[in-house]
Each structure stands twice: as C-alpha cells, then as structure tokens.
Amino acid sequence: MEAVNEHLSRYVILRGSGKADLKLVPQMAALHVPAVSMAAIRNGKIDWAQAFGVVSLGGAPVSAKTLFGAASISKPVTALGILKLVEERKIDLDVDVNRYLKRWKIPDNQFTAEKKVTVRELLNHTSGIGTYNGDIYDPTQQLPALVELLEGKKPARTAPVRFETVPGTKFAYANGGYLVLYLLIEDVTGESFSRFIKHAVLDPIGMKDSTFDSPLSRDWARRAATAYWGDGTSAIPPTKFVEPNLAAGGLWTTPRDLAKFLIEVQREYSGKSHKVLHQSTLKTLVQRGQGSWGLGFRVGGDKQNPYVSHEGSALFQDDMFIYLQSGSGFVVMTSGGGGGLAEELMRSAGNVYGFPDFKPIERAAVPVPPKSLSAFVGTFGFVKVAMDGTDLTAEIPEGSRPQRLYAESPTRFFVLDGPQQLSFKANNEGTVTTVDFITPMNHLKLTKQAAENEKAHP
C-alpha cells in the first residue's frame with residue numbers, strides 16, 4: 001500500500017527526464033480530490049483496502065467503508081444480473097429484446113427494417129442506439145420515471161432512446177442501451193431493479209456495502225462521500241445525487257465490495273465458484289467483441305493473460321480491473337478531480353504489482369522552435385490548440401484543462417496524461433488544415449475549417 005501511494009505516475013514518462021514519481025497526498029491536493037479509496041487484489045484475495053481524505057471538505061475522514069458513486073462501473077454488475085436471467089431461461093441473448101418489454105417498446109425505424117436489436121447487442125454496445133451521457137438529478141425535485149427517460153420526456157434531460165445505426169454493425173458506447181436493460185429486468189422479473197440485483201448479484205457475492213437504492217436512504221447517505229466537480233469546490237452531496245438510469249450508473253459501493261465482485265467474476269471464469277453464474281455463462285460475458293468489449297466489461301490483455309475492466313465517470317472518477325488467469329487486480333474510487341488521480345494510482349499499482357497493461361510508457365521529445373509551433377494553433381474538431389508562452393497546448397476536448405503538447409517529431413505531438421497523440425497535416429500551400437487525432441481506440445481526422453460541425457467526445 002505504501003509503495004502504491006508513493007509511486008504515482010503520469011501516462012507518459014519523458015525519456016531522459018529521470019525518476020518522476022508522484023505522491024498520493026500532494027496529488028490529491030493538486031488535482032482537487034477530497035477523497036480516494038482503493039483495494040488491491042492479489043492471487044484471488046484482497047491484499048489491502050484503504051481510504052484517504054475526507055467525506056466532504058471540512059468533514060469527517062473517509063474509511064474503507066465509505067460509499068462512492070460507481071457511475072458506469074454499474075454496467076458489469078447489471079450484466080451479471082442479465083446473464084442470471086439467461087441461465088434461468090427467462091430471456092435469450094439473441095432474440096428481439098422487444099419480445100420481453102411490456103411497458104414500452106423500442107420504436108422501429110429505418111435501421112431496424114431487417115435487423116432487430118438483441119439483449120447481447122445492448123450489453124456489448126453494438127445496439128445501434130444513439131450515444132448520450134447520463135445526468136445527475138436532485139431528488140428534492142421531480143425525478144423522471146423510467147418510461148419518461150426512455151422517451152426523453154420532461155423532467156428527463158436526456159435524449160430519447162432511438163436507433164441511429166443498424167443493430168450489430170458498429171460499436172458505440174451507449175448508456176441508453178442499459179436503460180432498456182433496466183426496463184427488461186423489471187418487466188421480466190416483476191421486481192424493482194434494485195431489489196432484483198440485490199438478491200441475484202450483490203447478496204450472493206457478499207457485497208454488503210453496495211446498493212442501487214435511489215435516492216439513497218438517510219442511513220446509506222450518511223456513509224457516502226460528496227461528489228466534486230474538477231475544481232474541487234463545487235459539490236453535490238449524496239442526498240442530492242441521483243442517476244436515474246440505475247443499470248448504467250446507479251450503484252453506490254466501496255472498492256472492497258468491487259474487489260469482491262471482481263474476485264467472484266474471476267473465480268467463476270476459472271470454474272471455482274458459481275455464486276451468481278456458472279463457468280460457461282461467465283465465459284460468454286468476457287468474450288471480446290467489437291471495440292474490445294464483452295458483455296458489460298472491456299476485455300484487454302492478450303490471449304495468455306486477459307483482463308476485464310471498467311471505469312466510471314460522473315463527478316466520481318473510478319476504475320477497476322482483474323486479470324482472469326492470476327486473479328490479481330486493482331480498484332480505485334475518487335470523489336472528483338477529473339480522473340487524473342485514479343489513472344495515476346492504476347499505473348502505480350501496475351508498477352508495484354507488475355501488471356503488464358497498467359504501467360506508464362516512455363517517449364522521447366524533440367525540440368521544435370516556437371515559431372514553427374504557432375502554425376498549429378487553432379480549433380480542430382473537438383480539440384483546441386493554443387500557445388502558452390513558448391509551449392504548445394491542447395484542450396481535449398475543447399473547454400477542458402489545457403495540456404502541454406510534446407513533440408515526437410516536428411508535426412506529431414503527445415501529452416503526458418493520456419494516450420492521445422496529434423499529427424498535424426498541411427495542404428499544398430503549406431497551411432495546417434487538418435490533424436489526425438490518435439488513441440488506441442480511435443484514429444480521427446479533424447479539419448480546422450469544419451471545427452464547429454465536428455465536435456464530439458474523444
């Protein structure tokens with residue numbers, strides 16, 4: 001634990017820059033994170049679990065039993081519940097999901113004329129349903145009902161669930177798909193979503209510090225951390241924090257409970273347990289499909305050493321993973337700060353425990369004259385590039401904190417806090433008009449002229 005706390009690292013380490021380890025407590029202050037909680041998993045057991053900071057600014061210290069909003073880490077928990085219904089033969093992964101829906105049906109349009117959407121496609125984000133982020137609501141105001149969320153009707157503040165591509169043809173991360181799964185669970189079981197997931201998933205695993213109850217009861221809220229925006233001052237207390245799309249982002253939990261969840265997934269994968277699912281069903285969950293996604297999890301690593309992971313981001317910034325062969329992994333939950341601290345802790349754990357896919361990478365930077373750098377200034381799609389003194393910076397996406405760009409070549413640049421790279425292209429007249437935005441998941445061409453028309457989340 002001490003080693004993880006003492007060796008935080010940025011995504012990229014500059015070659016020749018020497019040791020650049022960061023320490024937890026100063027980084028919490030620098031990144032405006034009031035609370036962080038972690039759990040390390042080694043060989044199928046929780047190695048340690050600890051929390052640092054305060055439940056709210058000026059408040060009591062956090063503990064390992066303090067609840068954090070899990071945001072999208074809710075999705076793999078939901079996925080286990082769905083697969084439980086498959087095992088019980090109450091649903092089929094590969095038939096039209098509308099067959100199971102009673103209170104509402106997904107409207108057909110031109111994209112479903114020949115192909116209907118299945119439960120499997122909702123789970124692995126290939127449903128063709130439009131992508132949109134969730135939203136946080138104040139329970140002292142009117143909350144949208146489930147069908148109002150599905151239809152995008154007030155007081156819902158999100159778009160209606162509709163098809164934008166042919167189901168099964170394209171990966172596109174979609175919270176709306178999990179909203180349909182929320183309805184599916186309730187319509188098939190006749191129970192509330194939170195009650196079903198409790199007895200089907202949380203209770204068998206022993207996740208006693210976890211709940212999908214919404215809004216949080218007074219007793220649960222007393223144990224929960226306050227969520228903070230990136231500036232570390234604007235806050236939403238747990239009594240005012242509701243994500244009504246429970247299946248996509250409604251879980252409140254602790255890293256220790258999420259570690260129990262991951263350990264059970266790994267044990268079921270290995271055939272050593274079946275508290276929720278049997279081995280054959282669990283292996284369906286972790287089969288890598290489009291976009292490197294299984295059913296509720298991202299699947300990474302290589303064939304000899306695969307891992308499953310998921311992150312969450314809704315003021316709370318969370319991340320977790322476990323290797324399916326060794327049963328080793330890591331969970332981190334923070335009460336704000338934009339995700340930087342959680343990622344730095346993941347890389348520190350990667351170094352300390354020898355996790356091959358969660359270590360910083362080393363890159364060399366070359367000098368470029370400031371006069372040459374000024375040619376790259378402008379807004380390219382969702383990326384804004386500017387000069388800060390003699391350095392080139394980028395807002396990814398526009399409006400976020402500027403990051404310094406380091407030159408790998410006179411036209412190709414990288415940042416230290418993520419995998420994003422920018423490769424600038426000039427036209428025949430020598431004017432920079434496009435940039436290739438490159439990450440492990442995307443390779444997008446963004447044009448300077450059409451910046452306003454191409455804004456999208458990276």
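Undergrad: Can you help me understand the sheet that holds strand E20 (residues 443-447) in this one?
TA: Strands pair in a sheet through their backbones, by hydrogen bonds, and they do so in one of two ways: parallel or antiparallel. One open sheet accounts for eight strands, arranged E13-E14-E15-E16-E17-E18-E19-E20; its pairing is antiparallel. Of all strands in the sheet, those with a lone pairing partner are strand E13 (378-380) and E20, marking the two edges. On average, each strand axis in the sheet is inclined to that of its neighbour by 30°, with strand direction left out of account. Here five bridges tie strand E14 (residues 383-388) to strand E15 (residues 391-395), and the two strands are oriented antiparallel to one another.

Undergrad: Looking at this structure, I do not really get the pattern of salt bridges. What am I missing?
TA: Once the charged atoms of two side chains with opposite charge are near each other, the side chains can pair. In total, this model carries 24 salt bridges according to the counting rule given. Measuring nitrogen to oxygen at the nearest pair gives 3.0 Å for the salt bridge that ties Arg 157 to Asp 135. Residue Arg 157 is located in the loop between helix H5 (146-151) and helix H6 (175-189), and its partner Asp 135 is located in the loop between helix H4 (119-123) and H5; the two are separated by 22 residues in the primary sequence. The salt bridge partner of Asp 203 is Lys 198, with a shortest N-O separation of 3.1 Å. Residues participating in the shared-partner salt-bridge network are Arg 10, Arg 401 and Asp 417.

Undergrad: I keep staring at the pairing of strand E10 (residues 316-323) and nothing clicks. Help me out?
TA: Within a regular beta strand, the side chains point alternately toward one face of the sheet and then the other, so they alternate between its two faces. Among the eight residues of E10, eight are classified as buried, and the element is accordingly described as predominantly covered. Residues of E10 alternate between two faces, with Phe 316, Asp 318, Met 320 and Ile 322 on one and Gln 317, Asp 319, Phe 321 and Tyr 323 on the opposite face, all of them buried. Summarising the sheet, strand E9 (residues 305-314) and E10 pair through eight bridges and their orientation is antiparallel. Following the sheet pairing, Ala 314 is matched in E10 by Phe 316. Counting the residues that bridge the hairpin from E10 to strand E11 (residues 329-334) gives five residues, and of these Gly 327 lies at a positive phi of roughly 70°.

Undergrad: Would you explain the side chain of Asp 436 in this entry?
TA: Tracing the backbone through its elements, the reader meets Asp 436 in strand E19 (residues 432-438). The exposure class of Asp 436 is buried, given its relative accessible area of 8%. Within the local environment of Asp 436, its side chain forms a polar contact with the side chain of Lys 445, the two groups lying 3.1 Å apart. Excluding residues within four positions of it along the chain, Asp 436 makes contact with Gln 421, Leu 422, Ser 423, Lys 425, His 443, Leu 444 and Lys 445.

Undergrad: Can you help me understand the pairing of strand E18 (residues 421-426) in this one?
TA: The pairing of strand E17 (residues 412-414) with E18 spans three bridges and is antiparallel. Paired with Phe 413 across the two strands is Leu 422, which belongs to E18. Joining the antiparallel neighbours E17 and E18 is a turn of six residues. Relative to E19, E18 runs antiparallel, the two sharing six bridges. By the bridge assignment for E19, Ser 423 is matched with Asp 436. The turn linking E18 back onto E19 is made up of five residues, and Gly 430 within it adopts a positive phi angle of 85°.

Undergrad: What should I look at first to understand empty space enclosed by the protein in this one?
TA: Over the atoms a probe the size of a water molecule is rolled, and this reveals where empty space is left. Scanning the model with the defined rule gives two cavities of 30 Å³ or more in all. Each pocket or cavity is described by its volume, and for the largest cavity that value is around 50 Å³. Tyr 132, Gly 134, Asp 135, Tyr 137, Leu 149, Thr 158, Leu 179, Glu 243, Pro 244 and Asn 245 together form the lining of the largest cavity. Taken together, the residues that form the lining of the largest cavity break down as five nonpolar, three polar and two charged. A volume near 30 Å³ is recorded for the second largest cavity. Considering the residues around the second largest cavity, the lining is formed by Asp 96, Val 97, Asn 98, Ile 106, Asp 108, Lys 116, Val 117 and Phe 163. Among the residues making up the lining of the second largest cavity, the classes are represented as four nonpolar, one polar and three charged.

Undergrad: Would you mind going over the packing of helix H3 (residues 74-87) against helix H7 (residues 193-205) with me for this structure?
TA: To characterise two packed helices, one gives the angle between the axes of the helices and the distance between these axes. At their nearest, the axes of H3 and H7 sit 9 Å apart, and the two run at 80° to each other. Viewed along their axes, H3 and H7 adopt a mutual orientation that is roughly perpendicular. In this structure, H3 uses Val 77, Thr 78, Leu 80, Gly 81, Lys 84 and Leu 85 to contact H7, whose residues at the interface are Phe 193, Phe 196, Ile 197, Ala 200, Val 201 and Leu 202. The residue makeup of the contact of H3 with H7, split by class, is nine nonpolar, two polar and one charged.

Undergrad: Just to check I follow, could you spell out the packing of aromatic side chains for this structure?
TA: Under the criterion given, the structure shown has 25 aromatic pairs. Each ring, one from Phe 261 and one from Phe 297, has its centre 6.2 Å from the other, and the planes form 25°; the classification is stacked. Here the residue Phe 261 occupies a position in helix H10 (residues 255-269), and Phe 297 occupies one in the loop between helix H11 (279-285) and strand E8 (298-302), the gap between them amounting to 36 residues. Grouping residues by exposure puts Phe 261 and Phe 297 together as buried. For the ring pair Phe 382 and Phe 437, a centre distance of 5.0 Å and an interplane angle of 85° mean the geometry is edge-to-face.

Parameters at a glance
Residue numbering note: each chain is counted from 1, following its sequence as written. Thresholds applied to this predicted model are a pLDDT of at least 70 for local features of residues and 80 or more for the giving and counting of side-chain atom pairs; totals over whole chains, interfaces and linings are not thresholded and use all residues. Working from all heavy atoms in the structure, the side-chain values ignore hydrogens and water. Only strands that DSSP links by at least two bridges are regarded as paired with each other. Only DSSP runs of H or I with at least four residues qualify as helices, and only runs of E with at least two residues qualify as strands; both kinds are numbered from the N terminus onward. Lines are fitted to the C-alpha atoms to define the axes, a helix being fitted only along its stretch in contact, and any angle between axes, read from their N-to-C directions, falls within 0 to 180 degrees. What makes a salt bridge here is a side-chain nitrogen of Lys or Arg within 4 Å of a carboxyl oxygen of Asp or Glu, nothing more. Only protein chains enter the calculation, and the probe is 1.4 Å; a residue is then buried if its accessible area is under 20% of its type maximum, exposed if over 50%, and partly exposed in between. Throughout this description, a polar contact denotes any pair of N or O atoms lying within 3.5 Å of each other; where both atoms belong to protein, one of them has to be capable of donating a hydrogen while the other can accept it, and for residues adjacent in sequence the pair is counted only when both atoms sit in side chains. In this analysis, two residues are considered to be in contact whenever any of their non-hydrogen atoms come within 4.5 Å of each other. Only protein atoms enter the 1 Å grid used here. Points where a 1.4 Å probe fits but cannot escape make up a cavity, open sets with protein on both sides within 12 Å along at least five of seven lines make up a pocket, and a residue lines them when an atom lies within 4 Å of a point. Grid points are joined across faces, edges and corners, and a volume is the space filled by probe spheres set on the points. Gly is put with the polar residues, along with every residue not named as nonpolar or charged; the nonpolar set is Ala, Val, Leu, Ile, Met, Phe, Trp, Tyr, Cys and Pro, and the charged set is Asp, Glu, Lys and Arg. We call two directions roughly parallel when the angle between them is under 35 degrees, roughly antiparallel when it is over 145, roughly perpendicular when it lies between 65 and 115, and oblique otherwise. When two rings of Phe, Tyr or Trp (its six-membered ring) have centres within 6.5 Å they constitute a pair, described as stacked for plane angles under 30 degrees, edge-to-face for angles over 60, and tilted for the intermediate range.

Keep in mind that these numbers describe shape and distance, not what the molecule does.
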